[in-house]
Amino acid sequence: MRNFWISLHLYAAAFLAPPLLFVAISGGLYLVGIKGTVTSTPVTVPAGVVVHPASDSLEADVRALLRDIGITHDFEYVKKSGNTLYTRPTSRLHYEISVADDSVAIKRNVPNLQKRLIELHKGHGPLWFKDFQKILASGVLFIVFSGLWLGLSSPGLRARTIATGIVGLTAFLILGFVV
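I will try to describe carefully the structure that is included in this document. These figures come from a predicted structure and were not determined experimentally.

Here we come to the pattern of salt bridges. The tally for this structure, following the rule as stated, stands at four salt bridges. Taking the shortest distance from any N to any O, the salt bridge between Lys-107 and Glu-96 comes out at 3.7 Å. Of this pair, Lys-107 sits in strand β5 (residues 104–111) while Glu-96 sits in strand β4 (residues 94–99), placing them eleven residues apart in sequence. Among the salt bridges present, the one from Asp-131 reaches Lys-134, with a minimum N-O distance of 3.8 Å.

Right, let's get into the side chain of Glu-119. Following the sequence through the fold, Glu-119 ends up in helix α3 (residues 113–121). Here the side chain of Glu-119 touches Thr-90 through a polar contact of 2.4 Å, side chain to side chain.

Next up on the list: helix α1 (residues 2–31). A bend of about 45 degrees at Ala-17 is the largest found in α1, and the proline Pro-18 appears one to four places after it. Among all positions of α1, only His-9, Ala-12, Leu-16, Pro-19, Ser-26 and Gly-27 are buried. Buried residues along α1 sit in contact with α3 and α4 (127–152).

This brings us to the packing of α1 against α3. Running from amino to carboxyl end, α1 crosses α3 at an angle of 110 degrees, the nearest separation of the two axes being 9 Å. It follows from the interaxial angle that α1 and α3 lie roughly perpendicular. Packed against α1, whose contacting residues are Phe-22, Val-23, Ser-26, Gly-27, Leu-29 and Tyr-30, the element α3 presents Gln-114, Leu-117, Ile-118 and His-121 at the interface. Split into classes, the residues belonging to the contact of α1 with α3 amount to six nonpolar, four polar and no charged.

What counts, and where the lines are drawn
Residues numbered from 1 in each chain as written. Predicted model: local features only at pLDDT ≥ 70, side-chain atom pairs only at ≥ 80, totals over all residues. Heavy atoms only, no water. Salt bridge = Lys/Arg side-chain N within 4 Å of Asp/Glu carboxyl O. Helix = DSSP H or I, 4+ residues; strand = E, 2+ residues; numbered from the N terminus. Polar contact = N/O pair within 3.5 Å; in protein donor to acceptor, adjacent residues only side chain to side chain. Bend = angle between axes of the 7 residues up to and from the residue. Buried < 20%, exposed > 50% of the residue type's maximum accessible area, 1.4 Å probe, protein only. Contact = heavy atoms within 4.5 Å. Axes fitted to C-alpha atoms, helices over the stretch in contact; angles between N-to-C directions. Parallel < 35°, antiparallel > 145°, perpendicular 65-115°, else oblique. Nonpolar A, V, L, I, M, F, W, Y, C, P; charged D, E, K, R; others polar.

Pasting the structure below:
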């Protein structure tokens with residue numbers, strides 16, 4: 001039975017290693033100031049075009065607005081932040097719509113690779129990718145708990161597993177809450 005759990009632990013770790021590396025690398029680059037860039041291009045909007053951020057049919061309104069000014073754009077939903085609307089996902093080409101009292105300004109935004117990875121990292125990707133991220137999170141928990149269980153259930157590894165776990169917990173608590 002132990003061999004089964006070792007195999008399951010190893011397969012889960014191998015399957016999740018590539019996406020976890022992308023998350024770690026993009027997150028690490030973000031933390032050192034390499035956050036990626038977005039190429040923004042203003043879109044000409046005819047005078048008199050309006051969209052109301054408080055509309056009950058906001059998504060349909062944004063689709064109609066883009067269609068009416070000649071933009072074919074497939075998006076999943078609209079994210080509202082104050083008077084600015086974003087078509088999502090923002091991990092790919094998306095539009096930013098700024099609404100003033102009597103005018104609308106639109107920007108076509110294209111993120112570079114690092115910015116795309118950061119947007120995925122933040123959960124701003126496609127809806128199906130968010131489901132994958134939930135599986136990824138569950139998989140990480142499985143890998144951690146199965147690894148701990150395998151280490152604690154082995155007489156030869158038990159003391160090292162406990163010591164290493166205590167050092168990790170101590171480092172987290174000191175660096176996260178004391179320093």
